[in-house]
Amino acid sequence: MQRRAAAIYIALFLVVGAGAYGFMGVTEEPSVSLAGDAYAAGDTLSVGDRTYTVASVDDGSGELTWRNPAAEFSATLENGTTVSPLTLTWDGQAARWSSTLADGAEISTADGTFQLGVNTSTDPPTATLEPVGNDSETATIAVGDTLNYRGNETTVTTVDAEGVTLTWGEPYLVSVPNATDPDSVSFHQQFDVSTRLVNDPAVYNETVTVDGVKSVVWRANDSTTPLATYLPEPDTASLSEGATLTYEGSTVTVGNITAGTVPLSWSDERTNTISLSEGANVTLNGQSYFAHFPGSSSVQILQHGEDYESYQQQLEEIDYYHERMLGLWGVAILSLLAAILLLGLAYLPVRG
């Protein structure tokens, strides 16, 4: 009788557990479905007078980009510091030199002789240095790379169909007048004495001190000349507030100079990046939107309002579904455990 009753209860628990498990199998999980266009990487959308490009979409995250053709930029030069003529240039600047090497030209560096090969099909364009009569390895250079050329540490500033342009120069000292309200700044060339001596075969590579005066020594007769006499007149320039010059390739304006700083400002195109994530708010051209990713490679950009309310409601439905599934899993597991427990108890030996 004990085992018969246990069998009935075991069957009941198994039916309940199987029913819970079966219900989970036939129930479809809800998902977020919103009306509106879906965008893939490379697509564009407009908000007011601004156009955004979907730069990337990758499984629940992505990026939008937009170009501001007149973004404001600024930089500051500190009084008493030096600045490279590759960074800052102005009309008439003398301590800046460049050389353009044509495609196929041979170039001698500290590592040997190389033949230059320009490749404008790459982005950005590059150039290869193929060894000529030496065991050096082939090298690839692009804009921004440095190269020892004719004893100078040069920077690649252009790679195009014309060839490769190498630029080098000596730094300038930024000097603001010692005044209560300065309105100008001076730039004074600072000589790279070591490089100049190395590149001049007529003098030795090191200076000597003669009667307390630093001097250069001539190879022809070992005579000496004061270094200050040997060096040329340094290049100098004085610019006032409102003057224009070139800073990192952009035309800039000198702002309100102070005793310690020289502010520079300019307008230029800038690409702005906006990150996207599931459900996160984004502001596009002053308007509030949110992102939803209906697939791993697409994104919807929707305005707040009815769409957002619908989105939140569907998220709540998904949460409720998961809660129900957890409950059903609990019922199935507990029913199975109860059936096993009853089965074990039913077969316990009966004491006489």
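Every chain's residues receive numbers from 1 upward, in the order its sequence appears when written. With pLDDT at 70 or above as the cut-off, local features in this predicted model cover only qualifying residues; side-chain atom pairs require 80 or more to be listed or tallied, and sums for whole chains, interfaces and linings still use all residues. By convention in this description, side-chain values take in all heavy atoms of the structure and omit both hydrogens and water.

In this description a helix means any DSSP run of H or I spanning at least four residues, a strand means any run of E spanning at least two, and both kinds are numbered starting from the N terminus. Each helix and strand counted, the protein has 4 helices and 25 strands in total. Burial statistics for the protein: of 352 residues in total, 32% are counted as buried. Whether two residues touch is decided by their heavy atoms; if any such pair falls within 4.5 Å, the residues are in contact. Restricting the contact set of the protein to residue pairs at least 6 apart, pairs at least 24 apart contribute 52%. Shrake-Rupley sampling with a 1.4 Å probe provides the accessible areas, and residues are treated as covered by the protein chains on show and by no other component. As displayed, the protein offers around 20800 Å² of accessible surface, 49% of which is attributable to carbon and sulfur atoms. Only protein chains enter the area calculation, which uses a 1.4 Å probe; residues under 20% of their type maximum are buried, those over 50% are exposed, and those in between are partly exposed.

Relative to the helices and strands, V213 resides in strand β17 (residues 213-217). Separated by 13 residues in sequence, V213 and P226 place their C-alpha atoms 6.5 Å apart. Sequence-distant contacts of V213, that is, excluding residues within four places in its chain, are made with V208 and P226.

What follows deals with the sheet that holds strand β14 (residues 172-175). Two strands qualify as a pair provided DSSP detects at least 2 bridges between them. The antiparallel open sheet is built from 4 strands, whose spatial order is β4-β14-β15-β19. Both outer strands of the open sheet, β4 (82-83) and β19 (236-240), are each paired with one neighbouring strand and no more. Looking at chain direction, β14 and strand β15 (residues 184-189) are connected through 4 bridges and run antiparallel. By the bridge assignment, L173 is partnered in β15 with H188.

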